[in-house]
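Residue-level listing of the chains:
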Amino acid sequence: MRQSQSCDACRARKVRCVRENLEDPKQSCKHCIALGIPCTYDYRPKKRGPPNLYLRRLQEAAAAVVAAQAEQNNQTNDVASISPTSAHQSLASPIHSNLSPLQQHIQSPSLEPVLAPIQTSAPIIPPSRYPIAADSYHNHYSPVNTILPTPTSGALLTQKTDDNQSYSFPESYGGFSAYNWSYKNHQPLPVLLPSVMPPLSYYYRPHRLEDIAPRDSISLIIALFFDFVYPLTPCIHKPSFMADLHTKREERDPLFFALVMSTVASTLVQVPRSYVPMERSVVRKLAQRCYEASRHITTAAYDPPMSMHVVIRYFDCIYHFCEGNDAAQHAAFGEAAHIAVTLRMHEESSYEGLDPIECEVRRRTFWLLFGADKSMSILLGRPICLRDEDCTVHFPKELDDEYIIHSAYLPQPRGKTALVSGLNYISRIFALLGEILVRIRVDKRSPPQGQFATARLEEVQSLHSRIMGALMHTPEPLRLKQTRRHSRLPAECGGAGFRQATFAEVKDFFENPKASRANALNPFLVMQANLYVTQQLVRFVVEQYRDELVMALQGSIDEHQVAEDREAVASDLLNILHSIPIQSIATNGPSLVHKVRFVASTLLDAVRKAETAPASAARAHAFLCAFRAIIAILLSLTRCLGDFLSILSEIERNYL
């Protein structure tokens, strides 16, 4: 290394260092001679750039390993029950471990560093729009830095619980036999934080499904996903996914393993508990384990971003939503949305050159994110993340998965409605909701005045007409069978007999494994509930804002007309809920309950305000009586809606 030209004292004082003979490095400079101090040249310039923390971590880890080995070697004579080579084998030669993956699963069920710490000497007790490039997975992964738990630590972590029992299921789904449904839940003992944290690359390695649960159990849960969850979230291409699962791609591609784990976790929290023949606590633990296994891998695998990342984080968002983890749900959605934007999934031009399967997976996933964004915005009051004016991507092609192959799109058989058509129609509804939400946010910040307010009112009225006609041309399987279109109040609405019968049907559906599931297995009935309830939600939001604009323009509003509009919303929503089998409604899960609850609670507030508001003396007596009659009907409708909401709340409680 080059010696500094100034001595240490002159450098510290920032003065020029002068020596008589520059050739003699041992000669003191004039300042040091004058001051009578040693003239040294110990300063060495620091390397530019940030410190190499990764190298420092490796050095610290190596030092800790050496110290642990030395200390353990000193204890081998005292502890006869511990193999003298076990700790050395897991620390110094991790890639030569003789443990099978299943043994590793038993010892480290959650794949977390805190649950599988590095062993130390002391015993240690988480129309068509959209494109994307085909997912490419990496067969190469470095075994370096792979640290496996030792047999000793596994013995310490393994503990039998009362949940260790086998379950059998009388039915089979999707061709998967249910005879071998067994799941053992291992509860680790409390652990201490490891002294050395493994690098992220430790998790980005091949895994086996058997490390988490028996393969037959995973296969049955995947079958449940395609039977009950897939119609509402068709973001996986079933033929290629099942082919990859059959060839055990997860053992070569860690990211595909993460996709399977997130799919299983989101399925377990979305299907009714009677569908999965396990105790409720065991199902929750398995769902958490699958989520954590997926999260550990995706954290270390962001580059390069792929559509599979978006699907995984979308499933994670659903998992957190059903578990009630609001902050984690929004974080997962934010990651999914930002990766989607990074991949330019919102731009149609980015789909050029992609194979058909990748294109459709990206389109479907993007529109699912788009709808979730609008739902969270209206139900939770959150800002819009994906705006319609920024999106040029087409809706997905209305083709079933078996007619989409890597090389081409095959024609859909005439007369057969594609499952993805439900996603397309609800995406159009959410696009209209996005338009009204953007206008509401802009007008709150800067209220329109004069002719601008009039123009805005015309826009809102146009949006109202579009939302009312959004489902006029749905294919026959998605068309609602209205039997009470001319009746404002369903005949059986609010009756004690109806409530008791419906509660009994809900209880049988959720608790009886042998109950009929024909309506729940009909994907178009399930999508009907989602489509028509969402339409009424958006209609209600549009009408609320239209009334606010009228009030701002005219200074008053026709309360009689407002009450009639609210009555129409409540009546139509009740007719929808009564026209669709309760099993199909229940299969939609908590998301549908939130939409109905939003409308019902807002309507109830409006009725209470109307009931308690003082009557204007200027009103004619006849008009007042008619208005009160409408309010009475609306109150009756709202109470019926409240009764139905109690049924929906019972449905919500039967999920995880």
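Structure: above.
Here goes a summary of the coordinates provided. In this text the structure is predicted, and so the values were computed from the model without any measurement.

Some details on the packing of helix H14 (residues 420-445) against helix H15 (residues 451-468)
Step number 1: Running from amino to carboxyl end, H14 crosses H15 at an angle of 160°, the nearest separation of the two axes being 10 Å. The angle between the axes of H14 and H15 places the two elements in the roughly antiparallel class. Considering how the two elements wind past one another, H14 and H15 form a crossing that is left-handed. Of H15, the residues touching H14 (which contributes Ile429, Leu432, Glu435, Ile436, Arg439, Val442 and Asp443) are Arg456, Glu459, Val460, Leu463, Arg466 and Ile467.
Step number 2: When its residues are assigned to classes, the contact of H14 with H15 shows seven nonpolar, no polar and six charged.

Here we look at the packing of aromatic side chains
Step number 1: In the structure shown here, the tally under the stated rule is 12 aromatic pairs.
Step number 2: Ring geometry for Phe225 against Phe315: centres 5.7 Å apart, planes inclined by 85°, an arrangement best described as edge-to-face. Of this pair, Phe225 sits in helix H7 (residues 215-229) while Phe315 is found in helix H11 (residues 307-323), placing the two residues 90 residues apart along the sequence. The pair Phe225 / Phe315 is uniform in exposure class, with both members buried.
Step number 3: Judged by centre distance (6.3 Å) and plane angle (40°), the ring pair of Phe366 and Phe370 falls under tilted. With Phe366 and Phe370 both in helix H13 (residues 356-380), this residue pair falls four residues apart, about one helical turn.
Step number 4: Look at Phe370 and you get buried, because its relative accessible area is 0%.
Step number 5: A cation over an aromatic ring shows up here: Arg363 above the ring of Tyr351, its NZ or CZ 4.7 Å from the ring centre.
Step number 6: The aromatic ring of Phe370 is capped on one face by Lys374, whose charged end is 3.6 Å from the ring centroid.

Remarks on the environment of Glu358
Step number 1: In this structure, Glu358 sits in helix H13.
Step number 2: In the structure, Glu358 is positioned 51 residues away from Ser307 in sequence and 8.1 Å away in space, judged by C-alpha atoms.
Step number 3: Side chain to side chain, Glu358 and Arg362 meet in a polar contact 2.8 Å long.

Observations regarding the side chain of Lys374
Step number 1: With respect to the helices, strands and loops of the structure, Lys374 is situated in helix H13.
Step number 2: Residue Lys374 is classed as buried on the basis of its relative accessible area of 0%.
Step number 3: Leave out the neighbours within four places in its chain, and Lys374 touches Ile384, Leu386, Phe430, Leu433, Gly434 and Leu437.

Observations concerning the environment of Ala328
Step number 1: Turning to its location among the elements, Ala328 is positioned in helix H12 (residues 326-342).
Step number 2: Once the C-alpha coordinates of Ala328 and Cys317 are considered, the two residues, 11 residues apart in sequence, prove to be 7.5 Å apart.

Remarks on H13
Step number 1: In this model H13 runs 36 Å from its N-terminal to its C-terminal C-alpha over 25 residues, within 8% of the 36 Å that 1.5 Å per residue would give.
Step number 2: Counting buried positions along H13 yields 23 of 25 residues, so the element is predominantly enclosed.
Step number 3: Its side-chain oxygen 3.0 Å from the backbone nitrogen of Ile357, Asp355 forms the N-cap of H13.
Step number 4: Following H13 by one or two positions, Gly381 adopts a phi angle in the positive range, close to 70°.

Criteria and cut-off values
Residues numbered from 1 in each chain as written. Predicted model: local features only at pLDDT ≥ 70, side-chain atom pairs only at ≥ 80, totals over all residues. Heavy atoms only, no water. Axes fitted to C-alpha atoms, helices over the stretch in contact; angles between N-to-C directions. Helix = DSSP H or I, 4+ residues; strand = E, 2+ residues; numbered from the N terminus. Parallel < 35°, antiparallel > 145°, perpendicular 65-115°, else oblique. Left-handed = near helix turned anticlockwise from the far one by under 90°. Contact = heavy atoms within 4.5 Å. Nonpolar A, V, L, I, M, F, W, Y, C, P; charged D, E, K, R; others polar. Phe/Tyr/Trp six-rings, centres within 6.5 Å; stacked < 30°, edge-to-face > 60°. Buried < 20%, exposed > 50% of the residue type's maximum accessible area, 1.4 Å probe, protein only. Lys NZ or Arg CZ within 6 Å of the ring centre and 35° of its normal. Polar contact = N/O pair within 3.5 Å; in protein donor to acceptor, adjacent residues only side chain to side chain. Expected span 1.5 Å × (residues − 1).

All quantities given are derived from atomic positions and should not be read as evidence of function.
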